[in-house]
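# Structural description and commentary
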Amino acid sequence: MGGYQGKILRVNLTNRKIEVEKVEETEVRKYIGGSGLGAKILYEETCPDTDPLGEGNLLIFMAG
């Protein structure tokens, strides 16, 4: 996939769970790599009322 491993590691610090999520090549191409994919995840999984410092917010590290 041109430098991508095709996976996202999700770490939930509240309940101490780790999940490996598969990323389809079409999603990587559609959002132009890690930066766009990270923006998509942030947009879909938070809302305008999300507390920036609250536990409901996300911390995303993506290779762009």
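Scroll up to find the structure.
Described in the following lines is the structure provided in the data block. (Residues numbered from 1 in each chain as written. Predicted model: local features only at pLDDT ≥ 70, side-chain atom pairs only at ≥ 80, totals over all residues. Heavy atoms only, no water.)

A separate point is the overall build of the protein. Looking only at helices and strands, one finds two helices and two strands in the protein. Each principal axis of the C-alpha distribution contributes one length, and for the protein these read about 35 × 25 × 15 Å. Partitioning the contacts of the protein with sequence separation of at least 6, the portion at a separation of at least 24 is 29%. Carbon and sulfur atoms make up 54% of the accessible area of the protein, which totals about 5,500 Å². On the protein, the mean spot of the 8 positive side-chain charges and the mean spot of the 10 negative ones are 8 Å from each other. (Helix = DSSP H or I, 4+ residues; strand = E, 2+ residues; numbered from the N terminus. Contact = heavy atoms within 4.5 Å. Areas by Shrake-Rupley, 256 points an atom, 1.4 Å probe, with all protein chains shown as cover. Lys, Arg positive; Asp, Glu negative; His and termini not counted. Charge placed at Lys NZ, Arg CZ, Asp CG, Glu CD.)

Next up on the list: the pattern of salt bridges. Opposite charge on two side chains permits them to pair, given that their charged atoms come into close proximity. Counted according to the given criterion, the structure contains six salt bridges. When the shortest N-O distance is used, the salt bridge between Glu21 and Arg10 registers 2.5 Å. Of this pair, Glu21 sits in strand β2 (residues 17–22) while Arg10 sits in strand β1 (residues 7–12), and the two are 11 residues apart along the sequence. Here the salt bridges do not stand alone but share partners, grouping Arg10, Glu21 and Glu45 into one network. (Salt bridge = Lys/Arg side-chain N within 4 Å of Asp/Glu carboxyl O.)

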